[in-house]
Amino acid sequence: MAGCSRGSSLPTWMTAAASRVDLTGGAVSPSHQGSSSPSTSSSAGPAPAAGADLELGMFERALSAAGAAFVSAIIVNPLDVAKTRLQAQAAGVLYHHPPQMAALGPDAILSEFKCSPSCTRGLILGEPVCPPDCFQYKGTVDVFLKVVRQEGFSRLWRGTNAGLALAVPTVGIYLPCYDIFRNWIEDFTRINAPGLTPYAPLVAGSVARSLACIACSPIELARTRMQAYKEFRPGVKPPGMWKTLVGVLSPLASSSQNVQNYRVLWTGVGAQLARDVPFSGICWSTLEPIRRKLLGLVGEEGNAASVLGANFAAGFVAGSLAAGATCPLDVAKTRRQIEKDTEKAMRMTTRQTLTEIWRSGGMKGLFTGVSPRVARAGPSVGIVVSFYEVVKYALHQRQAS
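Everything numeric in this text was worked out from a predicted model, so none of it was measured.

Rules of the game
Residues numbered from 1 in each chain as written. Predicted model: local features only at pLDDT ≥ 70, side-chain atom pairs only at ≥ 80, totals over all residues. Heavy atoms only, no water. Helix = DSSP H or I, 4+ residues; strand = E, 2+ residues; numbered from the N terminus. Buried < 20%, exposed > 50% of the residue type's maximum accessible area, 1.4 Å probe, protein only. Contact = heavy atoms within 4.5 Å. Areas by Shrake-Rupley, 256 points an atom, 1.4 Å probe, with all protein chains shown as cover. 1 Å grid on protein atoms, 1.4 Å probe; cavity = no way out; pocket = protein on both sides within 12 Å on 5 of 7 lines; lining within 4 Å. Points joined across faces, edges and corners; volume = space filled by probe spheres on them. Nonpolar A, V, L, I, M, F, W, Y, C, P; charged D, E, K, R; others polar. Axes fitted to C-alpha atoms, helices over the stretch in contact; angles between N-to-C directions. Parallel < 35°, antiparallel > 145°, perpendicular 65-115°, else oblique. Core = buried A, V, L, I, M, F, W, Y, C linked by side-chain atoms within 4.5 Å. Polar contact = N/O pair within 3.5 Å; in protein donor to acceptor, adjacent residues only side chain to side chain. pLDDT = per-residue confidence, 0-100. Patch = residues over 30% accessible without salt bridge, like charges linked within 9 Å, V, L, I, M, F, W, Y side chains within 5 Å. Salt bridge = Lys/Arg side-chain N within 4 Å of Asp/Glu carboxyl O. Expected span 1.5 Å × (residues − 1). Phe/Tyr/Trp six-rings, centres within 6.5 Å; stacked < 30°, edge-to-face > 60°. Left-handed = near helix turned anticlockwise from the far one by under 90°.

## Observations concerning the overall build of the protein
Here's step 1: What the protein contains, in helices and strands, is 15 helices and 2 strands.
Here's step 2: Across the 401 residues of the protein, 52% fall into the buried class.
Here's step 3: Across the protein, the fraction of contacts at a sequence separation of at least 24, relative to all contacts at a separation of at least 6, is 76%.
Here's step 4: Here the protein displays about 18,100 Å² of accessible surface, and carbon together with sulfur accounts for 64% of that area.

In structure tokens:
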């Protein structure tokens, strides 16, 4: 078969695992094996499967990735809320109402926020009240229970609109660019520096993620703030994404340097890059070998279900490892983006933030929210990668027919 070494059992349509896209229109050999011999390549024309895969352009790839991101953002949003609340609480954000405490004493607040079943209630002036520690989050499940009880079930999907607005363009940029950069780097290094070819996924993932992060950082800022803060006024709808971004800019409205003021929308972008670029490098350099191995076991007989399973398993493992390793940088990003003092936020650096977290909370502080972060990232990466590859598989099948 053209484009594959003899004895290869990998599906030829898999751009990430077998035949790959050459933007000039030619099929190239799989990145994990050597090139086929000249006689093999010349005696057989382009394999139909590989040729069909080459027809998948940037639009089809972006559409596949955006669909995957849409599904993932909805499913894992509660874990994102839990992670952000735990990190914001560690940074000093209060989830009880101080003025109400002042009115009733230091150990109680009004009952308009419902107590958890485990809380010891008291009575002040005949009114049932909860002590402040009833509003302290003690873990991921505790966040779920208290958010549902005190704010309503729908609050677990707080920031989903921003998450969707973020995920679709981010992944729509990220995965197609990763595919293209990886193919180009593998072609270049195979000819000029074969020893560097295994590092192509790491470099391509890092560059693609950097582009996506910079483009979509303001939406990430809005989502973090929407998930971190709690609306205390009963019956008042929390601000949405655009209102949150306007709130970020409003303290600077009177300043004469209007253009420079928009930099505040990229608050924490340094920490976000410091988190996402290593995340992407770790994730892809782990994911590619795992899924190539799994897809090698499936071979040409693989169907959509086997493609889904192989990619989900590889994505789950890779996403979980990368999320755990980069958790301290995620804590720093959250802390920088929830800072409401605009001048302080503009002065903060990732290194200063990490040092401050270490001094105040030690190792535990640096890994605040690691459980929901890992629990979110594993399924999220698995869903995105598997959905993306299955859609590519379906497009190939349609073109082949």
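## Topic: the layout of surface pockets
Here's step 1: Roughly 450 Å³ of volume is contained in the largest pocket.
Here's step 2: Considering the residues around the largest pocket, the lining is formed by 22 residues, among which R225, Y229, P239, T244 and K340 are closest to the centre.
Here's step 3: Contributing elements (two or more residues each) for the lining of the largest pocket: helix 7 (200-228), helix 8 (241-249) and helix 13 (342-347).
Here's step 4: Considering each element in turn, the lining of the largest pocket owes the most residues, 4 residues, to helix 8.
Here's step 5: Of the residues in the lining of the largest pocket, the class split is 9 nonpolar, 4 polar and 9 charged.
Here's step 6: Estimates place the volume of the second largest pocket at around 280 Å³.

## Some words on the packing of helix 7 against helix 12 (residues 327-337)
For any two helices packed against each other, the geometry comes down to the angle between their axes and how far apart the axes lie.
Here's step 1: Axis separation between helix 7 and helix 12 bottoms out at 9 Å; the angle between their running directions is 85°. With respect to their mutual orientation, helix 7 and helix 12 come out roughly perpendicular. Counted together, E220, L221, T224 and R225 of helix 7 and K333, T334 and Q337 of helix 12 form the full contact between these two elements.
Here's step 2: Per-class residue counts for the contact of helix 7 with helix 12 are 1 nonpolar, 3 polar and 3 charged.

## With respect to the nonpolar core
Note that soluble globular proteins tend to have their nonpolar side chains buried in a common cluster.
Here's step 1: Counting 24 residues, the largest nonpolar core has L175, F279, C283, W284, L287 and V381 as the members making the most contacts within it.
Here's step 2: Residue assignment for this core shows that the elements contributing at least two residues are helix 3 (58-90), helix 6 (160-192), helix 7, helix 10 (269-298), helix 11 (304-325) and helix 15 (370-400).
Here's step 3: Residues within four places of V381 in sequence aside, it is in contact with F279, C283, L287, G315 and G319.

## Examining the side chain of R85
Here's step 1: Here R85 is to be found in helix 3.
Here's step 2: We classify R85 as buried; its relative accessible area is 1%.
Here's step 3: Reaching out from R85, the side chain makes a polar contact with the side chain of Y137 at a distance of 2.8 Å.
Here's step 4: In this structure the side chain of R85 is engaged in a polar contact, spanning 2.9 Å, whose partner is the side chain of E151.
Here's step 5: Contact partners of R85, with chain neighbours within four places excluded, come to Y95, Y137, V143, V147, E151, Q227, A228, Y229 and K230.

## Re the confidence of the model for the protein
Here's step 1: For the protein, mean pLDDT is 75; residues scoring 70 or higher make up 71% of the total.
Here's step 2: Across residues 1-54, where pLDDT falls below 50, the model places 110 contacts with residues more than four positions away in sequence or in other chains.
Here's step 3: Every residue in residues 99-113 is under pLDDT 50, and counting partners more than four places away or in other chains gives 39 contacts.

## Some remarks on a nonpolar patch on the surface
Here's step 1: There is a patch of nonpolar side chains on the surface, built from L196, Y199, L202, V203, V207 and L211 and spanning about 520 Å² of accessible area.
Here's step 2: Tracing the backbone through its elements, the reader meets V207 in helix 7.
Here's step 3: Of the residues examined, V207 reaches a relative accessible area of 39% and is grouped as partly exposed.

## Regarding helix 11
Here's step 1: The terminal C-alpha atoms of helix 11, which comprises 22 residues, lie 31 Å apart, in line with the 32 Å expected from a rise of 1.5 Å per residue.
Here's step 2: Buried within helix 11 we find V307, A310, N311, A314, G315, A318, G319, S320, A322, A323 and G324.
Here's step 3: Looking at the buried side of helix 11, the elements it contacts are helix 10, helix 12 and helix 15.

## Examining the pattern of salt bridges
Side-chain pairs of opposite charge can arise where the charged atoms are in close proximity.
Here's step 1: Throughout the structure, instances matching the rule amount to 20 salt bridges.
Here's step 2: D276 is paired through a salt bridge with R209; the nearest N and O atoms lie 3.3 Å apart. One end of the pair, D276, is in helix 10; the other, R209, is in helix 7, with 67 residues separating them in the sequence.
Here's step 3: With a relative accessible area of 4%, D276 lands in the buried category.

## A look at the packing of aromatic side chains
For any pair of aromatic rings, the description consists of the separation of the ring centres together with the inter-plane angle of the planes.
Here's step 1: Taken as a whole, this structure holds 5 aromatic pairs when the rule is applied.
Here's step 2: Aromatic side chains Y178 and W284 sit 3.9 Å apart centroid to centroid with 15° between the ring planes, which places their arrangement in the stacked category. Remark: W284 occurs in helix 10 and Y178 occurs in helix 6; sequence separation between them is 106 residues. Residue Y178 shares its accessibility class with W284, and that shared class is buried.
Here's step 3: On the basis of an interplanar angle of 10° and a centroid distance of 5.5 Å, the ring pair of W184 and F188 is categorised as stacked. Of this pair, W184 and F188 both sit in helix 6, 4 residues apart, which is roughly one turn of the helix.
Here's step 4: For W184, a relative accessible area of 57% puts it in the exposed group.

## Some words on the packing of helix 10 against helix 15
Here's step 1: Close contact between helix 10 and helix 15 brings their axes to 13 Å; oriented N to C, the two are set at 55°. In terms of orientation, helix 10 lies oblique with respect to helix 15. Considering how the two elements wind past one another, helix 10 and helix 15 form a crossing that is right-handed. Seen from helix 10, the contacting residues are R275, F279, C283, W284, L287 and R291; seen from helix 15, they are R373, A377, V381, V385 and E389.
Here's step 2: Of the residues contributing to the contact of helix 10 with helix 15, the split by class is 7 nonpolar, no polar and 4 charged.

## As for the environment of G365
Here's step 1: Take G365: it is sitting in helix 14 (residues 350-366).
Here's step 2: In this structure G365 comes out as buried when scored by relative accessible area, which is 12%.
Here's step 3: Separated by 275 residues in the primary sequence, G365 and A90 have C-alpha atoms spaced 7.3 Å apart.
Here's step 4: Not counting chain neighbours up to four residues away, the residues in contact with G365 comprise V331 and I357.

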